[in-house]
Amino acid sequence: EEEDNNITEREEEIPPDIVQPHEWKEYAYYSRPRVNDVTVENTPNPPPVRLEDVWHLLRSPGGRKYPEKWVPGIQHPALPPRPERWTLPKPGEPLPFPWECQVNPLLQHSRFGPAPLYWNMGLAPTNSVLFNRGTRHDTSIPVSNIDKSQPATWPFVTHLYINALAEDATPRFPWPSMVTNLDGIRVGDVLNTIFQNFQQYVKDYEYSGWHSVRREQAYQAYVARGNTGEGLRRVDYLGQMSMFRGLEPNPNGEGWILFVGMA
């Protein structure tokens, strides 16, 4: 009986295969803790410095914040512990295929109902990304920088290739993008890369290859943005379908599909 109890205890120590919602958040709070009311960046490599050595350096007597003076990796009982599930990628190790990864719930494609995030990809993700609570008029809770620090996938990956646009009439997405973070890609890395990709200007030869319907849709989106003094951007290519609806592994096995919705 004692041996059976030991086996049960060992089984309980093994992390479940499915990442639980709180586990995504745990790493975010570990990697971006607030110290002396200053949000700092943390890493898993402890330096030969104590928390007490830098506590007062983070804020001036007048209250000005200096997060750059934090020494990443400091460990202290008052700081969130490093979650055991998350191990950083090792240089040179092969990455898991997209279908072998679990994607963060904030980035998951919702086949039915509202997407987890309410975000128009034509707007910078600094302050425009909101938690989607179900209706267009009930989305007032912004996604914090800490939540954007959640891992994008489990296990961590250093490169994430977005190479398809769902329900696009063209046989090949013209602007694939590579999300990169050698310390492990976070939710914010994905959002920033998508935004930067769609902010690029459309080249003349690209525009000339579009169908007349696509040109009209892009022009209407261009006018709606109110930026009539500049050229078309890639986000205009989406027309009214500029809302982020998540990612799914591409069936071709080479990357991820970006899903979009009506703005």
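Predicted model only: the values in this text are computed from it and were never measured.

> Would you explain the pairing of strand β8 (residues 177-180) in this entry?
Regular strands show a simple pattern: their side chains alternate between the two faces of the sheet. Side chains of β8 alternate between two faces, with Ser177 and Val179 buried and Met178 and Thr180 left unburied. With four bridges joining them, strand β7 (residues 159-165) and β8 adopt antiparallel strand pairing. Bridging across to β8, His159 finds its partner in Thr180.

> What should I look at first to understand the nonpolar core in this one?
In summary, soluble globular proteins display a tendency toward joint burial of nonpolar side chains. Met121, Ile194, Phe244 and Leu258 are the most contacted members of the largest nonpolar core, which has 37 residues in total. Counting residues per element, the ones that place at least two in this core are β7, α5 (187-198), α7 (212-225), β9 (243-249) and β10 (256-261). Examining the composition of this core, we find that six residues originate from one element, α5, more than from any other. When residues no more than four places from it in sequence are discounted, the contact partners of Leu258 are Met121, Ile162, Ala164, Leu165, Ala166, Ile194, Phe198, Phe244, Gly246 and Leu247. Judged by nonpolar contacts, the second largest core, of nine residues, contains Val38, Leu51, Leu58 and Ile74.

> For this particular structure, what's the right way to read the environment of Trp210?
Following the sequence through the fold, Trp210 ends up in the loop between α6 (204-208) and α7. Of the residues examined, Trp210 reaches a relative accessible area of 11% and is grouped as buried. Distance in space between the C-alpha atoms of Trp210 and Tyr237 is 9.4 Å, their sequence separation being 27 residues. There is a polar contact of 3.1 Å between the side chain of Trp210 and the backbone oxygen of Glu206.

> Just checking my understanding: could you explain the side chain of Thr153 for this structure?
For Thr153, the location among the structural elements is in strand β6 (residues 153-154). Judged by its relative accessible area of 0%, Thr153 falls in the buried class. At 2.8 Å, the side chain of Thr153 and the backbone oxygen of Pro155 are in polar contact. Leaving out residues up to four positions away in the same chain, Thr153 has contacts with Trp24, Trp86, Cys101, Gln102, Val103, Leu160, Ile185 and Trp256.

> Just to check I follow, could you spell out α7 for this structure?
What sets the pattern is the α-helix's 3.6 residues per turn: residues three or four places apart point alike. The first and last C-alpha atoms of α7 sit 20 Å apart over 14 residues, in line with the 20 Å expected at 1.5 Å per residue. Of all the positions in α7, only Arg214, Ala218, Ala221 and Tyr222 are classed as buried. Buried residues of α7, viewed axially, fall in a sector of 105°; they line one side. Along α7, exposed side chains directed more than 90 degrees from the buried face belong to Ser212 and Ala224. Count one or two residues on from α7 and you reach Gly226, which has phi positive near 80°.

> Please explain the packing of aromatic side chains as it appears in this structure.
By convention here, two paired aromatic rings are described through the distance between centres and the angle between planes. Evaluation of the coordinates by the stated rule reveals 13 aromatic pairs. Through pairs of rings, three or more aromatic residues link up here, namely Phe173, Trp175, Phe198, Tyr207, Trp210 and Tyr237. Positioned over the ring face of Tyr237 is Arg214, at 3.9 Å from the centre of the ring. Positioned above the aromatic ring of Tyr207, the side-chain terminus of Arg215 is 5.1 Å from the ring centre.

> How should the pairing of β7 be read in this particular structure?
For β7, the tally of buried residues reaches five of seven residues, placing the bulk of the element in the interior. With three bridges joining them, β7 and β10 adopt parallel strand pairing. Directly across from Leu165, in β10, lies its bridge partner Leu258.

> Is there a simple way to explain unusual backbone geometry in this structure?
The phi torsion of most residues other than glycine is negative, and most of the peptide bonds are trans. A cis amide bond links Trp154 with the next residue in sequence, Pro155, at an omega value of -5°. By secondary structure assignment, the location of Pro155 is in the loop between β6 and β7. Of note, Asp37 is a non-glycine position whose phi angle comes to about 65°, a positive value. Relative to the helices and strands, Asp37 resides in the loop between β1 (34-35) and β2 (38-39). Within the chain, Glu167 stands out as a residue other than glycine whose phi angle is a positive 60°. With respect to the element layout, Glu167 can be found in the loop between β7 and β8.

Scoring rules and cut-offs
- Residues numbered from 1 in each chain as written.
- Predicted model: local features only at pLDDT ≥ 70, side-chain atom pairs only at ≥ 80, totals over all residues.
- Heavy atoms only, no water.
- Buried < 20%, exposed > 50% of the residue type's maximum accessible area, 1.4 Å probe, protein only.
- Helix = DSSP H or I, 4+ residues; strand = E, 2+ residues; numbered from the N terminus.
- Pairing = 2+ DSSP bridges.
- Core = buried A, V, L, I, M, F, W, Y, C linked by side-chain atoms within 4.5 Å.
- Contact = heavy atoms within 4.5 Å.
- Polar contact = N/O pair within 3.5 Å; in protein donor to acceptor, adjacent residues only side chain to side chain.
- Expected span 1.5 Å × (residues − 1).
- Arc of directions from axis to C-beta.
- Phe/Tyr/Trp six-rings, centres within 6.5 Å; stacked < 30°, edge-to-face > 60°.
- Lys NZ or Arg CZ within 6 Å of the ring centre and 35° of its normal.

Scope: geometric values only; no functional claims are made or implied.
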